[in-house]
Amino acid sequence: MLSALMLLGTAHAQEIRQPLPNGSSNAALHYQRAILFLDNVDPELRKLLDEPLWKLVTPDMTSDQQNKISQLLFQGRHALRAGMIGTQQNAADFGTDLRAYGSAILLPHVESLGQLAKLIALYGMQQQGNEQWADAAETYLSVVRMGRHLTEQPTLGESAKGIRILETGYYSIVTWATHCPDHKLTASARLSLLAANSASVSPLNAINTEAAIVDLRITQLQGAYPNGNWPEILLATITDVPEAEDVADWQEFAKSQAIKHGVPDSVFTSAEEFDKFADHMREVNRQYYARTLAALALPPQQAILTGQKVHTEFADQLLRIGNAETLSPGQIAAFYATHEAAFRLLNVTLAVCAQREGELFSPDLTKVAATFGGKLPINPIDGKAAQYQVSSDRNGFRISFPAIKIGEIEVPQVAFDYNFAQKTKKTNR
C-alpha cells in the first residue's frame with residue numbers, strides 16, 4: 001500500500017513550482033510602475049495626453065490622428081496594465097513624507113497620473129469603437145477610481161488633480177452612455193458609478209494638511225536662518241521667481257525676491273528681527289487657515305462668499321506660499337462645488353440615456369425623476385434644477401446647470417449635449 005502511494009505521488013510530482021508572490025494592495029505602487037512605463041513612450045506620442053479628450057477624439061479625426069492614438073496605446077500597453085491594476089486596489093499611499101519636503105512639496109506623480117488617466121480613457125474609447133460596451137464602461141470606471149484615489153490624498157494639489165481625473169472619467173462615461181445600445185447596461189453603469197464615487201469630494205482634509213505644511217515651513221525657515229538653507233525654503237514660497245541659473249549669492253538673491261513680495265528689508269538685519277517676522281507670519285497663517293476651514297465647512301454658496309471675504313481680509317498679510325488664486329478659499333469652494341454639480345448632472349444624464357425609447361430621448365425629465373424618488377438632483381450651489389432640452393427629432397439633448405456669479409467669483413456652467421440642434425422641443429427647469 002505504501003509503495004502504491006509513493007508511486008502515485010511520483011507520477012504527479014512532475015516538477016517543483018515556486019509560488020509567485022501576490023501583487024501589492026497599494027494602488028500607488030502600481031501607478032508609479034505605470035508612470036515609469038509611460039516615460040518609455042515616444043515623447044511626441046505622449047504629448048497627445050496633454051490635450052483634453054474632447055479635443056483629442058472627435059468625429060472629424062483624420063486617419064493619421066487615429067493611427068497616432070493606436071500607436072500611443074500600443075507603446076503604452078504596459079503602463080495601461082499597471083495603471084488598471086492600481087485602480088482595482090482599495091487605497092493608494094504614495095509615501096510622501098511631508099516633513100521632509102517642508103521647503104517645497106514635491107509631488108512628481110500628480111501630472112503623470114493625469115496623463116495615465118487619459119491613456120486609460122483612450123483605451124476605453126478603443127473598446128467602445130469595437131462595440132465592447134461592457135468592457136469600455138469598466139475601463140472608464142477605472143479612471144473614476146483613480147481620480148478618487150488622488151482626491152483622498154493629503155495635499156490640495158493632489159486633490160485638485162484628482163478632480164480633473166474624475167472629469168476625464170465623467171466625460172468618457174457620459175459619451176459612452178449616449179452611444180451604448182444596451183440601456184440596461186447603461187443603468188448598471190450608473191449604479192456602478194454611484195458605488196465608485198459614493199462620497200462627496202471635500203477640500204477640508206487637504207486644507208488642514210496645507211495649514212500644517214505652512215506652519216512646518218515657517219519653523220524650518222526660522223531654524224535655517226541665518227546659516228542654513230533658508231534661501232531655498234524662502235524661494236520655495238514665491239511662485240514667480242525668475243530664472244536664476246547664474247546667481248552667485250543665493251542669500252542676497254532670496255532677500256531681494258522676498259522684499260519684492262512685500263517682506264520688509266528690516267527683517268534681514270538680524271536673527272531676532274527674522275524670528276519676530278516668522279512668528280508673526282505663523283500667527284497670521286494660523287488665523288487664515290482656521291477661517292478658511294470654517295468657511296469651507298459651510299454650504300457651497302455661503303462658502304464661496306465667506307471664503308472670498310476671508311481672502312480679501314488676509315491677502316495683504318499672507319506670506320506668498322503657493323498660488324494666491326488657488327489658495328483663495330472662495331475659489332476653492334467654487335471649484336469643489338462645481339465638481340459636485342458635474343457629478344449630479346452626470347447622474348441625471350446617465351438616467352436620461354438609460355431610459356431612451358430606442359434611439360429617442362425623453363421629451364422631459366418627468367420619467368427620469370422617478371429614478372430619484374420623484375425629486376431630481378439639484379445644483380448644490382444655487383439649489384436649482386437642471387435645464388433640459390431635447391432636439392425636435394428627439395435624437396439629441398442638452399442638459400446643464402447655468403453659470404452663476406457669486407460675489408466676485410464666476411462659477412462656470414456645467415453642461416453636456418449630444419446630437420443637439422438649436423431647434424428644441426421642450427424645456428424643463
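About the cut-offs
- Residues numbered from 1 in each chain as written.
- Predicted model: local features only at pLDDT ≥ 70, side-chain atom pairs only at ≥ 80, totals over all residues.
- Heavy atoms only, no water.
- Helix = DSSP H or I, 4+ residues; strand = E, 2+ residues; numbered from the N terminus.
- Expected span 1.5 Å × (residues − 1).
- Buried < 20%, exposed > 50% of the residue type's maximum accessible area, 1.4 Å probe, protein only.
- Arc of directions from axis to C-beta.
- Contact = heavy atoms within 4.5 Å.
- Polar contact = N/O pair within 3.5 Å; in protein donor to acceptor, adjacent residues only side chain to side chain.
- Axes fitted to C-alpha atoms, helices over the stretch in contact; angles between N-to-C directions.
- Parallel < 35°, antiparallel > 145°, perpendicular 65-115°, else oblique.
- Left-handed = near helix turned anticlockwise from the far one by under 90°.
- Nonpolar A, V, L, I, M, F, W, Y, C, P; charged D, E, K, R; others polar.

(A) View of helix 2 (residues 27-39). Over its 13 residues, helix 2 runs 19 Å from end to end, which matches the ideal 18 Å to within 8%, given 1.5 Å per residue. Listing the buried residues of helix 2 in full gives Ala27, Ala28, His30, Tyr31, Ala34, Ile35 and Leu38. When helix 2 is viewed along its axis, its buried side chains cluster within an angular range of 160° and face the same direction. Those residues of helix 2 that are buried are in contact with helix 3 (43-46), helix 6 (77-87), helix 7 (109-129) and helix 8 (133-151). For helix 2, the N-terminal cap is Asn26; the gap from its side-chain oxygen to the backbone nitrogen of Ala28 is 3.1 Å.

(B) Region of interest: unusual backbone geometry. Each neighbour pair has its own omega, and for Tyr225 with Pro226 the value is 10°, a cis peptide bond. At Arg394, a position not held by glycine, the phi torsion is positive, near 65°. Mapped onto the elements, Arg394 comes out in the loop between strand 1 (387-391) and strand 2 (397-401). In this structure, Asn419 is a non-glycine residue whose phi angle is positive, near 50°. Locating Asn419 in the fold gives a position in the loop between strand 5 (414-418) and strand 6 (424-428).

(C) The arrangement of the packing of helix 8 against helix 9 (residues 156-179) in detail. Between helix 8 and helix 9, whose axes approach to 7 Å, the crossing angle comes to 165°. Taken together, the axis directions place helix 8 and helix 9 in an arrangement best described as roughly antiparallel. Here helix 8 runs over helix 9; the crossing is left-handed. Partitioned by chemical class, the residues of the contact of helix 8 with helix 9 number 15 nonpolar, eight polar and three charged.

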